[in-house]
Amino acid sequence: MSNSRLMTNVEKAEITTSTVWKDFLALIKVGIVNSNLITTFTGMWLAFYFTNTHFLNSLDIMFLTLAGSSLIIAGSCVINNVYDRDIDHLMERTKERPTVTGKINGTKASLLGLLMIAFGIIMLFMTTITAGVIGIIGVFSYVVLYTMWSKRKYVSNTIVGSISGAVPPLIGWAAVDPNLDIIAWMLFLMMFIWQPPHFYALAMKRVEEYRAADIPMLPVVKGFAVTKHHIVAWVIALLPLPFFLLDLGMFFFILAMAFNIGWVALGLAGYKMKDDIKWSKLMFVYSLNYLTILFVAMVIVTVI
């Protein structure tokens, strides 16, 4: 009987630990942290490559950059969760966040977020001043300009939010080379331009949730037809960027152009498709694969 009770207590402890860890990952929006790690690493790796610096001689820079950028992104997401807990319960994809359910206290979460941001900024300044400053700009643009100012007021909130989302590769590059090369700025532009079609497609899928939460996303305010025009326009804006990345080689150029043309074609197909939601799902999935494959390819072409 005692062994049975012991096992039960152990199992309860394991379940509690698992739940706490799951809530923590939801609080920091681990998916966003992980995806931004890819772009941060790519920016840093390319800076190593183009400055002829061997990464094994800069393992401290790698650690400080990846850890620092992860902390400021996670901390910013925590603040975002705390700030939005009054509307997150209205949306299906956010209603189970621990700040909504009350599993995590808002004050404690805010303190955690601020500490993460502080330690992250310090780590970035330990690489270069430029990386630290860009990190601060990223935090300010996401927490203040997006979360607290534009998200609930303006239809341009997605564009404002794209600033912070485009910062990670710049941080990665600046941590190695504070004299930001044209390629670093092209990575920033790629990330900035990629975000509106990505999030507009998501907003089309979740339009009724955003409407319920009174968030002025483009599909809510302007409708699907106008949103389609904006999505296609932003995707077309990506077309010139591979020409500025020719130093990565012809293989990458062809790959990037193929993905760009494919995305434009899929976007234009939306004018003929009768099911707007199905089209938005296809565009959303394409955008995820686009970003992941191209940023991983940038690393691969510099290795082989």
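Each remark here, short or long, concerns the structure printed above.
The following refers to the structure shown.

Rules and cut-offs
- Residues numbered from 1 in each chain as written.
- Predicted model: local features only at pLDDT ≥ 70, side-chain atom pairs only at ≥ 80, totals over all residues.
- Heavy atoms only, no water.
- Patch = residues over 30% accessible without salt bridge, like charges linked within 9 Å, V, L, I, M, F, W, Y side chains within 5 Å.
- Areas by Shrake-Rupley, 256 points an atom, 1.4 Å probe, with all protein chains shown as cover.
- Salt bridge = Lys/Arg side-chain N within 4 Å of Asp/Glu carboxyl O.
- Helix = DSSP H or I, 4+ residues; strand = E, 2+ residues; numbered from the N terminus.
- Buried < 20%, exposed > 50% of the residue type's maximum accessible area, 1.4 Å probe, protein only.
- Phe/Tyr/Trp six-rings, centres within 6.5 Å; stacked < 30°, edge-to-face > 60°.
- Lys NZ or Arg CZ within 6 Å of the ring centre and 35° of its normal.
- Axes fitted to C-alpha atoms, helices over the stretch in contact; angles between N-to-C directions.
- Parallel < 35°, antiparallel > 145°, perpendicular 65-115°, else oblique.
- Contact = heavy atoms within 4.5 Å.
- Nonpolar A, V, L, I, M, F, W, Y, C, P; charged D, E, K, R; others polar.
- Left-handed = near helix turned anticlockwise from the far one by under 90°.
- Expected span 1.5 Å × (residues − 1).

## Side note on a nonpolar patch on the surface
Among the surface-exposed residues, Ile 38, Val 296, Ile 300, Val 303 and Ile 304 lie close enough to one another that they form a single nonpolar patch of about 470 Å² accessible area. Mapped onto the elements of the fold, Ile 304 is located in the segment after helix H14 (276-301).

## So, the pattern of salt bridges
For the coordinates displayed, the defined rule picks out nine salt bridges. Across the salt bridge formed by Arg 97 and Asp 88, the nearest N and O atoms sit 3.1 Å from each other. The pair formed by Arg 97 and Asp 88 is uniform in burial state, with each residue classed as buried. Residues Lys 95 and Glu 92 are paired through a salt bridge, measuring 3.2 Å at the closest nitrogen-oxygen approach. According to the relative accessible area criterion, Lys 95 is partly exposed, its value standing at 33%.

## Brief notes about the packing of aromatic side chains
Inspection of every chain in the model, using the stated rule, returns 15 aromatic pairs. Ring centres of Tyr 142 and Tyr 146 lie 5.7 Å apart, and the angle between their planes is 25 degrees; this geometry places the pair in the stacked category. Within this pair, Tyr 142 and its partner Tyr 146 are both found in helix H7 (residues 129-150), separated by four residues, close to a single helical turn. An identical accessibility class is assigned to Tyr 142 and Tyr 146; each is buried. Following the ring pairs from residue to residue traces out a cluster consisting of Trp 185, Phe 188, Phe 192 and Trp 234. The residue whose ring lies beneath Lys 228 is Trp 279, and the NZ or CZ to ring-centre distance is 5.5 Å.

## Brief notes about the packing of helix H13 (residues 250-269) against H14
Relative to each other, H13 and H14 sit at 175 degrees, their axes nearing to 11 Å. On the basis of the axis angle, H13 is roughly antiparallel to H14. In this structure, H13 contributes Phe 251, Phe 252, Leu 255, Ala 256, Ala 258, Phe 259, Asn 260, Gly 262, Trp 263, Leu 266, Gly 267 and Ala 269 to the contact, and H14 contributes Trp 279, Leu 282, Met 283, Tyr 286, Ser 287, Tyr 290, Ile 293, Leu 294, Ala 297, Met 298 and Val 301. Class assignment for the residues of the contact of H13 with H14 results in 19 nonpolar, four polar and no charged.

## Some points on the environment of Val 30
Of note, Val 30 is situated in helix H2 (residues 30-50). Measuring from C-alpha to C-alpha, the distance between Val 30 and Ser 58 comes to 26 Å, with 28 residues separating the pair along the chain.

## Digging into the packing of helix H8 (residues 157-176) against helix H9 (residues 182-205)
Look at H8 against H9: their axes get within 8 Å of each other, and the N-to-C directions meet at 145 degrees. Note on packing geometry: the crossing formed by H8 with H9 is right-handed. From H8, Thr 158, Ile 159, Gly 161, Ser 162, Ile 163, Gly 165, Ala 166, Val 167, Pro 169, Leu 170 and Trp 173 reach across to H9, where they touch Ile 183, Ala 184, Trp 185, Leu 187, Phe 188, Met 191, Phe 192, Gln 195, Pro 196, Phe 199 and Tyr 200. A breakdown of the residues in the contact of H8 with H9 according to their chemical character gives 17 nonpolar, five polar and no charged.

## Some remarks on H13
Each turn of an α-helix holds 3.6 residues, which means side chains three or four residues apart point in the same direction. The end-to-end C-alpha distance of H13, which contains 20 residues, comes to 28 Å, matching closely the 28 Å that a straight helix rising 1.5 Å per residue would cover. For H13, every residue scored as buried is listed here: Phe 252, Phe 253, Leu 255, Ala 256, Met 257, Phe 259, Asn 260, Trp 263, Val 264, Leu 266 and Gly 267. Buried residues in H13 make contact with H9, helix H12 (224-236) and H14.

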